[in-house]
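Letter by letter, the chains look like this.
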Amino acid sequence: MQAGNAIYETIADLPPVLPVFPLSGALLLPRTQLPLNIFEPRYIDMIDSALAGNRLIGMVQPSGRQNTKDTDQPLLEGVGCAGRLTGFQETGDGRYLITLQGVTRFRVAQELTALTRFRQAEVDFAPFAADLRCGQGEDDVDRNGLLTTLRAYLDANNLEADWDSVKEAETEVLVNALCMMCPYGPQEKQALLEAQDLKTRAETLIAITEMDLARNDNDGGATLQ
């Protein structure tokens, strides 16, 4: 697995502790890219630290459950995705525009008591070691079913797609890109992230989309949000 100038051959190449960026509704998957606008001082610190170190950041959604020990720090979901900082730009007004490239998912073993303003967690990459292998599970994906559901969604919302590009895209790229672009909420995004493999992720996306299409049909064809 290559991300930027770094190559991660096994999970032994990854650190046991990551700075974590809790961001609701954000989805990062292996070999995808996530652009972010960084402006809060604690996350500016996080980017500075990553640039000075291994350039890895853990994207994790807040779970929605409140931390009884610290009401300002919502609890984290159990699974996130490590991203390597591959793009960086200073705006001149105190912000950073960055790009993270997804490397592999991880389980949050425990959040650490950090001296930094940003949060840090001990993480376990072992359950997702297969993420480091490009194209893993592509042959098991129902690509035709995925494209049929995509076409139904686009038709229902009067949207167009570059079908030539869609047909040429590798299956892993297609599945993960559609998951990241889908307009669903944090719970659905977390389900897509936690899907065991590429086949399950594609099936989950199809199921979520079909349920939304059915719900909107019952509501008189309202546009998906």
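Residues numbered from 1 in each chain as written. Predicted model: local features only at pLDDT ≥ 70, side-chain atom pairs only at ≥ 80, totals over all residues. Heavy atoms only, no water.

Visitor: For the overall build of the chain, give the residues involved together with the corresponding values.
Guide: Tallying secondary structure elements over the chain gives 6 helices and 8 strands in all. In the chain, the order of α-helices and β-strands from amino to carboxyl end is β-β-β-β-α-β-β-β-β-α-α-α-α-α. The C-alpha radius of gyration computed for the chain amounts to 18 Å, which stays within 12% of the reference 17 Å derived for 225 residues, consistent with globular compactness. Buried positions account for 45% of the 225 residues belonging to the chain. The contacts in the chain between residues at least 6 apart in sequence include a share of 67% that link residues at least 24 apart. Taken as a whole, the chain presents about 11900 Å² of accessible surface, with 47% of it coming from carbon and sulfur. Side-chain charges in the chain split into 19 positive and 33 negative, and the spacing between the mean points of these groups amounts to 4 Å. (Helix = DSSP H or I, 4+ residues; strand = E, 2+ residues; numbered from the N terminus. Rg over C-alpha atoms; globule rule 2.2 N^0.38 Å. Buried < 20%, exposed > 50% of the residue type's maximum accessible area, 1.4 Å probe, protein only. Contact = heavy atoms within 4.5 Å. Areas by Shrake-Rupley, 256 points an atom, 1.4 Å probe, with all protein chains shown as cover. Lys, Arg positive; Asp, Glu negative; His and termini not counted. Charge placed at Lys NZ, Arg CZ, Asp CG, Glu CD.)

Visitor: I'd like a rundown of the packing of aromatic side chains, residues and numbers included.
Guide: Within the structure shown, the criterion is met by 3 aromatic pairs. With 6.0 Å between their ring centres and 80 degrees between their planes, phenylalanine 106 and phenylalanine 125 make a pair best called edge-to-face. With phenylalanine 106 in strand β7 (residues 96–111) and phenylalanine 125 in the loop between β8 (119–124) and α2 (143–156), this residue pair connects regions lying 19 residues apart in the sequence. The same class applies to phenylalanine 106 as to phenylalanine 125, namely buried. In this structure, arginine 151 is placed above the aromatic ring of tryptophan 163, and the distance from its NZ or CZ to the ring centre is 4.1 Å. (Phe/Tyr/Trp six-rings, centres within 6.5 Å; stacked < 30°, edge-to-face > 60°. Lys NZ or Arg CZ within 6 Å of the ring centre and 35° of its normal.)

Visitor: Which residues make up the pattern of salt bridges, and what values do they have?
Guide: This structure, assessed with the given rule, holds 8 salt bridges. With a closest N to O distance of 3.0 Å, glutamate 40 and arginine 42 form a salt bridge. Taking the relative accessible area as the measure of exposure, glutamate 40 reaches 30% and is therefore partly exposed. Judged by relative accessible area, arginine 42 falls into the partly exposed class, the value being 30%. (Salt bridge = Lys/Arg side-chain N within 4 Å of Asp/Glu carboxyl O.)

Visitor: Please give an account of the environment of alanine 156 that cites residues and values.
Guide: With respect to the secondary-structure elements, alanine 156 resides in helix α2. C-alpha of alanine 156 to C-alpha of leucine 213: the two residues are 57 residues apart in sequence and 7.7 Å apart in space.

Visitor: Break down helix α1 (residues 41–52) for me, citing the residues and quoting the values.
Guide: For α1, spanning 12 residues, the distance from its first C-alpha to its last is 17 Å, which sits close to the expected 16 Å at 1.5 Å a residue. Those residues of α1 that sit buried are Tyr43, Ile44, Met46, Ile47 and Ala50. Buried residues of α1, seen end-on, are gathered within an arc of 155 degrees and therefore sit on one face of the element. Where α1 is buried, its residues meet β3 (17–22), β4 (33–38), β5 (56–60), β6 (79–90) and β7. (Expected span 1.5 Å × (residues − 1). Arc of directions from axis to C-beta.)

Visitor: If you had to explain unusual backbone geometry to someone new, which residues and values would you point to?
Guide: Even without being glycine, arginine 55 reaches a positive phi, approximately 65 degrees. In this fold, arginine 55 is placed in the loop between α1 and β5. Residue classification places arginine 55 among the partly exposed positions, given a relative accessible area of 34%.

Visitor: Give me the lowdown on the side chain of glutamate 172, citing residues and values where you can.
Guide: Locating glutamate 172 in the fold gives a position in helix α4 (residues 171–181). A distance of 2.7 Å separates a polar atom in the side chain of glutamate 172 from a polar atom in the side chain of arginine 31. (Polar contact = N/O pair within 3.5 Å; in protein donor to acceptor, adjacent residues only side chain to side chain.)

Visitor: Please set out the pairing of β4 residue by residue, giving values where relevant.
Guide: Burial along β4 is one-sided: the face carrying Leu34, Leu36 and Ile38 is buried and the face carrying Gln33, Pro35 and Asn37 is not. Sheet analysis places β4 next to β7, joined by 6 bridges and oriented antiparallel. What sits directly across from asparagine 37, in β7, is leucine 97. (Pairing = 2+ DSSP bridges.)

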